[in-house]
Amino acid sequence: MQADRILHPTEAGLYCPEGGFHIDPLRPVERALITHGHSDHARAGHGAVLATAQTLDIMRLRMGPDFAGTTQIADGPLRIGGVTVDFRPAGHVLGSSQISVTSGDCRIVVSGDYSRAPNPTCAPFEPVACDVFVTEATFGLPVFRFPGPATQVAKLIASMAEYPDRPHLIGAYALGKAQHVIALMREAGYDAPIAIHGALQAMCDYYRTQGVDLGVLVPATADQVTAQLVIAPPSAFASPWVQRFRDPVIGFASGWMAVRVRARQRGVELPLIISDHVDWPALTATLTELSPSEVWVTHGAEEGVIRWCELAQIPARPLRLVGYEDEAE
């Protein structure tokens, strides 16, 4: 079909021959279009990178100023070779985008990672009519039905009230999830200082420059941390750093906390089901809303999404791209 000529999977990732570029390539390529700054989608070493201004800033923060040969800000529709590309909000993290690729009368939208839930730290997902929709399937099974994030924040606040003498250490990924949790707490009216691990400082500072209200943040690097709420990357919980806290309540903010065995395996006392991805109802509602002629599934529980599409009489196929998972911590 025409769509296969516009985009097709290669060992390096999705490739557009007419435009001479890859989308979120898995290895260094001559020209890369990047959906967002997470390390499983944004890698260093490309000859040229096209992304939103915020994603380019985030890549510089995480990889250094020389992460690519050249960079270009995606600002409105752009003609590249024989196709037109456009970046539209994905609702995942700050700067995250869907990338639409149009050739003739066929439009393919590559969603990257996306969320339909309101998120105070980034622009909301913008539905884009398309012939082919490329979806993630990170939580692409019916078991994943996330509660509203406000309920999880209420659970955290209730635990802090019940155990006022125990510091609450919440694991959250450094880009996106940590700032999301902090902003949700501020929206809920929690105005006390929040301590953050040093690994989160630069990204929190950047979010502030982009107008995201994170309130008063203090470093969690001192020997005596007085803040009751501490946010840290998950990797910190396997290091000696955590030993400075006496009798902490260990929590973790992730969609994976919907799986109780995962919480137990991580030793999580306070699982918080807060995700920056679509759950099953949001994923299937998005496919219903867009009603594309075909669905391509990039990564995650591909079989579940493919089966749903079969029942909905939407042609679908897995792209079987390996390498897109939660970023390593």
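The structure under discussion appears in the preceding block.
Novice: Explain the overall build of the protein chain to me, please; I cannot follow it from the model alone.
Specialist: When you go through the protein chain residue by residue, the secondary structure sums to eight helices and 19 strands. The globule rule puts the C-alpha radius of gyration for 329 residues at 20 Å, and the 20 Å found for the protein chain is close to it. Each of the three principal axes of the protein chain carries a C-alpha extent, and together these read 65 × 45 × 30 Å. Looking at the 329 residues of the protein chain, the share that counts as buried comes to 55%. Summarising the internal contacts of the protein chain: among those between residues at least 6 apart in sequence, 59% fall at separations of at least 24. A total accessible area of about 13700 Å² is found for the protein chain, and carbon and sulfur atoms account for 52% of it. Taking the average place of the 25 positive charges on the side chains of the protein chain and the average place of its 35 negative ones, the gap between the two points comes to 3 Å.

Novice: When you look at the pairing of strand β15 (residues 229–232) in this model, what are you seeing that I'm missing?
Specialist: Side-chain direction in a regular strand flips from residue to residue, so the side chains alternate between the two faces of the sheet. Alternating residues of β15 divide into L229 and I231 and V230 and A232, and every residue in both groups is buried. Note that strand β12 (residues 168–171) and β15 share four bridges and pair parallel. Directly across from G171, in β15, lies its bridge partner A232. In this sheet, β15 lies alongside strand β13 (residues 194–196) in parallel orientation, the contact comprising two bridges. Opposite I196, over in β15, you have I231 as the bridge partner.

Novice: Can you help me understand the packing of aromatic side chains in this one?
Specialist: Geometrically, a pair of aromatic rings is defined through the distance of the ring centres and the angle of the planes. Under the counting rule described, the total for this entry stands at nine aromatic pairs. Relative to F125, the ring of Y114 has its centre 5.3 Å away and its plane inclined at 35 degrees; by these criteria the two rings are tilted. Separated by 11 residues along the polypeptide, Y114 in the loop between β10 (106–110) and β11 (132–137) and F125 in the loop between β10 and β11 bring together distant segments of the chain. The burial state of Y114 is the same as that of F125; both residues are buried. Judged by centre distance (6.4 Å) and plane angle (65 degrees), the rings of F144 and F146 are edge-to-face. Its relative accessible area of 17% is what places F146 among the buried residues. A network of ring pairs unites the aromatic residues F139, F144, F146 and W256 as a single cluster.

Novice: Can you help me understand the pattern of salt bridges in this one?
Specialist: A side chain of one charge can pair with a side chain of the opposite charge when the charged atoms of the two come close. Tallying each qualifying case throughout the model produces 10 salt bridges. E11 is the salt-bridge partner of R27, the closest N and O atoms lying 3.7 Å from each other. On the criterion of sequence distance, the pair formed by R27 in the loop between β3 (21–23) and β4 (31–33) and E11 in the loop between β1 (8–10) and β2 (13–16) is long-range, its members being 16 residues apart. Taking relative accessible area as the criterion, E11 reaches 65% and is therefore assigned exposed. A salt bridge links R307 to E310, with the shortest nitrogen-to-oxygen separation between them at 3.2 Å. Pair noted here: R307 and E310 are both in helix α8 (residues 302–311), with a separation of three residues, about one helical turn. Looking at R307, the relative accessible area reads 47%, which means it is partly exposed. Counted as one network, the salt bridges with shared partners bring together D4, E294 and R317.

Novice: I tried to follow the environment of S111 on my own but got confused; where do I start?
Specialist: Position of S111 relative to the elements: it lies in the loop between β10 and β11. Remark: the alpha-carbon pair of S111 and I273, spanning 162 residues in sequence, is separated by 22 Å. Once you skip the residues sitting within four places of it in the chain, S111 turns out to touch A90, S97, Q98, F133, V134, T135 and E136. Polar side-chain contacts of S111 include one of 2.6 Å to the backbone oxygen of V134.

Novice: Any chance you could explain unusual backbone geometry here in plain terms?
Specialist: In this structure, S291 is a non-glycine residue whose phi angle is positive, near 45 degrees. A positive phi is found at Q313, a non-glycine position, where the angle reads about 60 degrees.

Novice: Mind showing me how you'd approach the sheet that holds β12 here?
Specialist: Backbone-to-backbone hydrogen bonds join strands into a sheet, with any given pair of strands oriented parallel or antiparallel. The parallel open sheet is built from six strands, whose spatial order is β14-β13-β15-β12-β16-β17. Of all strands in the sheet, those bounded by a partner on one side alone are β14 (217–219) and β17 (270–272). Ignoring which end each strand starts from, the neighbouring axes of this sheet average 30 degrees apart. With three bridges connecting them, β13 and β14 associate as parallel partners.

Novice: In this structure, what is going on with the sheet that holds strand β9 (residues 97–103)? I would like to understand it.
Specialist: Pairing is mixed across the open sheet formed by seven strands, whose spatial order is β7-β8-β9-β10-β11-β18-β19. One side of each edge strand has no neighbouring strand; the edge strands of this open sheet are β7 (78–80) and β19 (316–318). Averaged over all adjacent pairs, the angle separating strand axes in this sheet is 25 degrees, with direction ignored. As judged from the three bridges shared by strand β18 (residues 294–300) and β19, these two strands associate in the parallel manner.

Novice: Can you walk me through the environment of A48 in this structure?
Specialist: Inspection of the secondary structure assignment puts A48 in strand β5 (residues 46–51). Judged by relative accessible area, which is 19%, A48 ranks as buried. Among residues more than four places away in sequence, those in contact with A48 are E30, R31, A32 and T70.

What counts, and where the lines are drawn
- Residues numbered from 1 in each chain as written.
- Predicted model: local features only at pLDDT ≥ 70, side-chain atom pairs only at ≥ 80, totals over all residues.
- Heavy atoms only, no water.
- Helix = DSSP H or I, 4+ residues; strand = E, 2+ residues; numbered from the N terminus.
- Rg over C-alpha atoms; globule rule 2.2 N^0.38 Å.
- Buried < 20%, exposed > 50% of the residue type's maximum accessible area, 1.4 Å probe, protein only.
- Contact = heavy atoms within 4.5 Å.
- Areas by Shrake-Rupley, 256 points an atom, 1.4 Å probe, with all protein chains shown as cover.
- Lys, Arg positive; Asp, Glu negative; His and termini not counted.
- Charge placed at Lys NZ, Arg CZ, Asp CG, Glu CD.
- Pairing = 2+ DSSP bridges.
- Phe/Tyr/Trp six-rings, centres within 6.5 Å; stacked < 30°, edge-to-face > 60°.
- Salt bridge = Lys/Arg side-chain N within 4 Å of Asp/Glu carboxyl O.
- Polar contact = N/O pair within 3.5 Å; in protein donor to acceptor, adjacent residues only side chain to side chain.
- Axes fitted to C-alpha atoms, helices over the stretch in contact; angles between N-to-C directions.

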